[in-house]
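So the chains spell out like this:
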Amino acid sequence: MASRTLSVWEHRKVVGLLVRRDLKVKYQQSVLGYAWTMLEPLALTLVYYFVFGLVLQADRGIPEGTPGGYILFLVAGILPWTTFGAILSEAPRAMLTHSKLITTMKVPREIFPMATVGTKFVEYVLTWPVLLIFVFALGGRFSWEGMLLWLPLAVVLTFMFGLGVTLFLSSVNVLLRDVERLTRILTRLLFYGSAILFPASMVLYSDGVPGWAKTLYELNPLMGIFQMHRTVWFSGFEELTPSLLALTSAVVGSILMLIIGYWTFRRLEMSVLKEL
Amino acid sequence: MASTYEAAVAGGPVIEAKGLGVKFAVNRRRKRSLREMFIHGKKRDPNAEGDDFWPLRDVSFEVAKGDCVGIVGKNGTGKSTLLKMIAGVLLPDEGKVSVHGKVAPLLELRAGFNDNLTGRENVYLVGSLHGMSEKEIDERFDEIVDFAEIKPKFIDTPIRHYSSGMKVRLGFALISQLEHPIMLVDEVLAVGDKAFKRKSYEAIDRMLANERTMVLVSHNERDLRRFCNRGLYIKNGSLALDADIDTALAAYNEDTRVEIEERKKKDAAKKKRAEDAAAKAETVENAPAAGATEAEAAKADPDKGDEGKGGDGKDGGQAA
């Protein structure tokens, strides 16, 4: 285990190379390049603002006087979700697309899922200028608590969970291609289960939802993680801050996911290599 | 299994394989292997044992520094699998292989190339993936492009526009620049046209002259005799012979000859059986057609083999 970690560290350059290659290929082929990274979530935000905000009035869950209002709430949730959704959609193929390299080059195999997640991390960082534009335009509020506590926690947990999922899905999918289809459905489900479009409090304070469903909802680690992404801008509003249960399940869930993902990856490694 | 070759070279073996074996699951869906991995782990249930296929088992050998080892054997006897295990890209189910030194895998020359990147970008990418520093690639870049015979105007074109020959040549040119002490070559010497082939032979000669170790899998006897000083003959998934290349090739050829003869015998027997059967069928077929004319029986004749002809004719005549 320790020697394996060391060997991954020794090959960190390879991860960098693969990340750089992926970004290069992605941005080289389209005219608008970077603009797409922004346009897609922006278009989504617009649609959701009309449908959920204006038509269905999901904005009533946002407390009065929140700096930035419902739009900032949406943007701050949708931008990290776009990244996370992209991780989920690429995770099952993280090993398959590199099958030629994997079967000729002796590198620790974890490198390939790591490169996939690494690419997404860079893309996430690239969404920040857009987010900041919204923060300034809508009068969002900076807070030390948000910047120093919630932001690092949210980012670390998001990518920890993402890496765990990628390790898991990329290896299992080599042996069982159904995983790819299943992941697509689960992504959709998780989108609504992670309170991206409306504050979690709307579900948790609702009378129509049974108690066990609420607990289950709070136990979804992603729900807590994406709440944190928004608490960066809305710290101090209790309805928008993750509850203790959500916070715990986010932290424990991410760590568990990473452990399960890595364990599965190592366990299946031999079969995966034969199958590629 | 230590051969006399190691004794001549100081220091331990560069490649050391002990009781190497690899197992593939046949005749079952992937689902089961997955379930098995999770539930049973390394212990397999005894019922599943029958489904396992060992392309290689109990293979042990050592390769000393500077050796060039040729692996010969029939298709599907696990030659490439063995090479992959030495390269460390396939993990053995049994035994152990230890390799001392960096390995240059000439297994798949186009590996790592991305079609959307230019030739130049690909050279830097794959070169770095194989552990070359940027400076090293800078220094050798012209040589690589020159060796690959790629016109300077194409080097900055995405390689999806390259011909397959160009890609493979570029791959070979790049990998032949690696200074790794161990080279694993899988049938890649047959790259490119005649002129390029000659160049690649020279490149390999140059590499070998440099006290490098090479393991070569090939069906080309001339290649094997040219480069190798030692041969491993793999037969039915196990190491049948570890000797010098000529002995190994002779054993392989002898086995092939025996096999061809056996097949010929079998074919002849089969042919005979088929003819006999055809003759019988003819008899049965013709029997009901009692009223058939002589001409009809005669018409059927040209289809028959020469041996059966007489008999058939007789039968047909009888039926008529």
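Residues numbered from 1 in each chain as written. Chains lettered and ligands numbered in written order. Predicted model: local features only at pLDDT ≥ 70, side-chain atom pairs only at ≥ 80, totals over all residues.

1. Quick look at the overall build of chain B
Heads up, the condition is: The numbering of helices and of strands both runs from the N terminus, where a helix is a DSSP run of H or I of at least 4 residues and a strand a run of E of at least 2. Throughout, a pair of residues is in contact if the C-beta atoms placed from their backbones lie within 7 Å.
In terms of regular secondary structure, chain B is built from eleven helices and nine strands. Considering only contacts within chain B whose residues lie at least 6 apart along the sequence, 74% involve residues at least 24 apart.

2. Details of the overall build of chain A
Quick note on the threshold: Restricting the calculation to C-alpha atoms gives the radius of gyration, and the globule rule supplies 2.2 Å times the number of residues raised to the power 0.38. The exposure scheme places C-beta atoms from the backbone and then counts, for each residue, the other C-beta atoms within 10 Å of its own, assigning buried at 20 or more, exposed at 12 or fewer, and partly exposed in between.
Within chain A one finds twelve helices and zero strands. Secondary structure elements of chain A, listed N to C terminal, follow the sequence α-α-α-α-α-α-α-α-α-α-α-α. Taken over C-alpha atoms, the radius of gyration comes to 19 Å for chain A, in line with the 19 Å a tight globule of 276 residues would show. In terms of overall dimensions, chain A has a C-alpha envelope of 60 × 45 × 35 Å along the principal axes. By residue count, 44% of the 276 residues in chain A fall in the buried class. Counted over contacts in chain A with a minimum sequence separation of 6, partners at least 24 positions apart contribute 84%.

3. Comments concerning the packing of helix α3 (residues 34-55) of chain A against helix α6 (residues 111-138) of chain A
Residue and element names in this part refer to chain A. Cut-off, in case you're wondering: For helices, the axis comes from a line fit to the C-alpha atoms of the stretch in contact; other axes are also lines fit to C-alpha atoms, and the angle between any two N-to-C directions lies between 0 and 180 degrees. Every angle not falling under 35 degrees, over 145, or within 65 to 115 is termed oblique; those three ranges are roughly parallel, roughly antiparallel and roughly perpendicular. Left-handed describes a crossing whose near helix is turned anticlockwise from the far helix through less than a right angle; right-handed describes the clockwise counterpart. Note on residue classes: Ala, Val, Leu, Ile, Met, Phe, Trp, Tyr, Cys and Pro are nonpolar, Asp, Glu, Lys and Arg are charged, and everything else, Gly too, is polar.
Close contact between α3 and α6 brings their axes to 10 Å; oriented N to C, the two are set at 70°. The orientation of α3 with respect to α6, classified from their angle, is roughly perpendicular. The way α3 lies across α6 gives a crossing that is right-handed. Residues Tyr34, Thr37, Met38 and Pro41 of α3 form the contact with α6, whose participating residues are Glu123, Leu126, Thr127 and Val130. For the contact of α3 with α6, the residue count by class is five nonpolar, two polar and one charged.

4. Digging into helix α11 (residues 221-234) of chain A
Residues and elements named next belong to chain A. The condition is simple: Multiplying one less than the number of residues by 1.5 Å gives the expected span of a helix.
The end-to-end C-alpha distance of α11, which contains 14 residues, comes to 20 Å, matching closely the 20 Å that a straight helix rising 1.5 Å per residue would cover. In terms of burial, α11 is largely enclosed, as 14 of its 14 residues are buried. Once α11 finishes, Gly236 follows within two positions and takes phi at roughly 100°, a positive value.

5. Examining helix α6 (residues 164-175) of chain B
For α6 of chain B, with twelve residues, the first-to-last C-alpha span of 17 Å sits near the 16 Å given by 1.5 Å per residue. At its buried positions, α6 of chain B is contacted by β5 (103-106), α4 (119-129), α5 (134-147) and α7 (194-209) of chain B.

6. Topic: the sheet that holds strand β9 (residues 238-243) of chain B
Sheet strands associate in pairs through backbone hydrogen bonding, adopting either a parallel or an antiparallel arrangement. Residue and element names in this part refer to chain B. Quick note on the threshold: Note: two strands are recorded as paired if DSSP finds a minimum of 2 bridges between them.
The strand order across the open sheet formed by six strands is β5-β6-β7-β3-β8-β9, and the pairing between neighbours is mixed. A single partner strand is all that each edge strand has here, and the edge strands are β5 and β9. Each neighbouring strand pair of the sheet contributes to a mean axis angle of 15°, computed without reference to strand direction. Where strand β3 (residues 68-72) lies against strand β7 (residues 213-217), four bridges are found, and the strand directions are parallel.

7. Considering the interface of chain B and chain A
Taken together, the contact between chain B and chain A spans 24 residues of the former and 23 residues of the latter. A per-element tally of the side of chain B that touches chain A places helix α2 (residues 30-39) of chain B first, with five residues. When the residues that make up the side of chain B that touches chain A are grouped by side-chain class, the tally is 14 nonpolar, six polar and four charged.

8. Thoughts on the sheet that holds strand β4 (residues 94-99) of chain B
Residues and elements named next belong to chain B. Strand order across the open sheet formed by three strands is β2-β1-β4, with antiparallel pairing between neighbours. Whereas interior strands pair on both sides, the edge strands pair on one side only; in this sheet they are β2 (52-63) and β4. Averaged over all adjacent pairs, the angle separating strand axes in this sheet is 25°, with direction ignored. Of the pairings in the sheet, the one linking strand β1 (residues 15-25) to β4 comprises five bridges and is antiparallel in character. Bridging across to β4, Gly21 finds its partner in Glu94.

9. Observations concerning the pairing of β7 of chain B
All names here are of chain B. Extensive coverage of β7 is indicated by the burial of five of its five residues. Of the two faces of β7, the one carrying Thr213, Val215 and Val217 and the one carrying Met214 and Leu216 are both buried. Bridge count for strand β6 (residues 182-186) against β7 is five bridges, and the pairing is parallel. Across the sheet, residue Leu184 finds its bridge partner in β7, namely Val215.

10. Regarding unusual backbone geometry
The backbone of Ala195 of chain A sits at a positive phi, close to 55°, despite the residue not being glycine. Here Ala195 of chain A lies in the loop between α8 (178-193) and α9 (200-204). The residue Asp58 of chain B is not glycine, and still its phi comes out positive at about 55°. Summarising the element assignment, Asp58 of chain B is placed in strand β2.

11. Regarding the confidence of the model for chain B
Residues and elements named next belong to chain B. Stated formally: Values of pLDDT, the confidence the predictor places in each residue, fall between 0 and 100.
Of all residues in chain B, 76% have pLDDT values of 70 or greater, and the mean over the chain is 78. Model confidence for chain B, summarised as mean pLDDT per element, is weakest for helix α1 (residues 4-8) at 39 and strongest for α5 at 90. Across residues 41-49, confidence stays below pLDDT 50; counting only partners more than four residues off in sequence or on other chains, it has four contacts. The ipTM, which scores confidence in the relative placement of chains, is 0.77 for this predicted complex, and the corresponding pTM is 0.81.

12. Comments concerning the environment of Thr187 of chain A
Residues and elements named next belong to chain A. Assignment of secondary structure puts Thr187 in helix α8. The partly exposed category is assigned to Thr187, around which 17 C-beta atoms lie within 10 Å. Expressed as a C-alpha distance, the spacing of Thr187 and Gly85, which sit 102 residues apart in the sequence, is 6.7 Å. Dropping the residues within four chain positions of it, Thr187 is found in contact with Gly85, Leu88 and Ser89.

13. With respect to the environment of Ser194 of chain A
Residues and elements named next belong to chain A. Mapped onto the fold, Ser194 is located in the loop between α8 and α9. A count of 21 C-beta atoms within 10 Å places Ser194 in the buried class. When the C-alpha positions of Ser194 and Leu222 are compared, they lie 5.7 Å apart, and in sequence the two are 28 residues distant.

14. Quick word on the environment of Phe134 of chain A
Here Phe134 of chain A shows up in helix α6. Separated by 107 residues in the primary sequence, Phe134 of chain A and Thr241 of chain A place their C-alpha atoms 20 Å from one another.

15. Brief notes about the pairing of β9 of chain B
Residue and element names in this part refer to chain B. Examined bridge by bridge, strand β8 (residues 230-235) and β9 share five bridges and lie antiparallel to one another. Each bridged residue has a counterpart across the sheet, and for Tyr233 the counterpart in β9 is Leu241. Count of turn residues in the β8/β9 antiparallel hairpin: two residues, of which Asn236 carries a positive phi of about 50°.

16. Observations regarding the nonpolar core
Operational definition: Remark: nonpolar core denotes a set of buried Ala, Val, Leu, Ile, Met, Phe, Trp, Tyr and Cys residues whose joining runs through C-beta atoms within 7 Å.
Core analysis: the largest hydrophobic core is formed by 141 residues, its most contacted members being Ile71, Ile86, Leu184, Val215 and Leu216 of chain B. The element best represented in this core is helix α7 (residues 144-175) of chain A, accounting for 15 residues. Those residues in contact with Leu216 of chain B that lie beyond four places of it in its chain are Cys68, Gly70, Ile71, Val185, Leu224, Phe227 and Cys228 of chain B.

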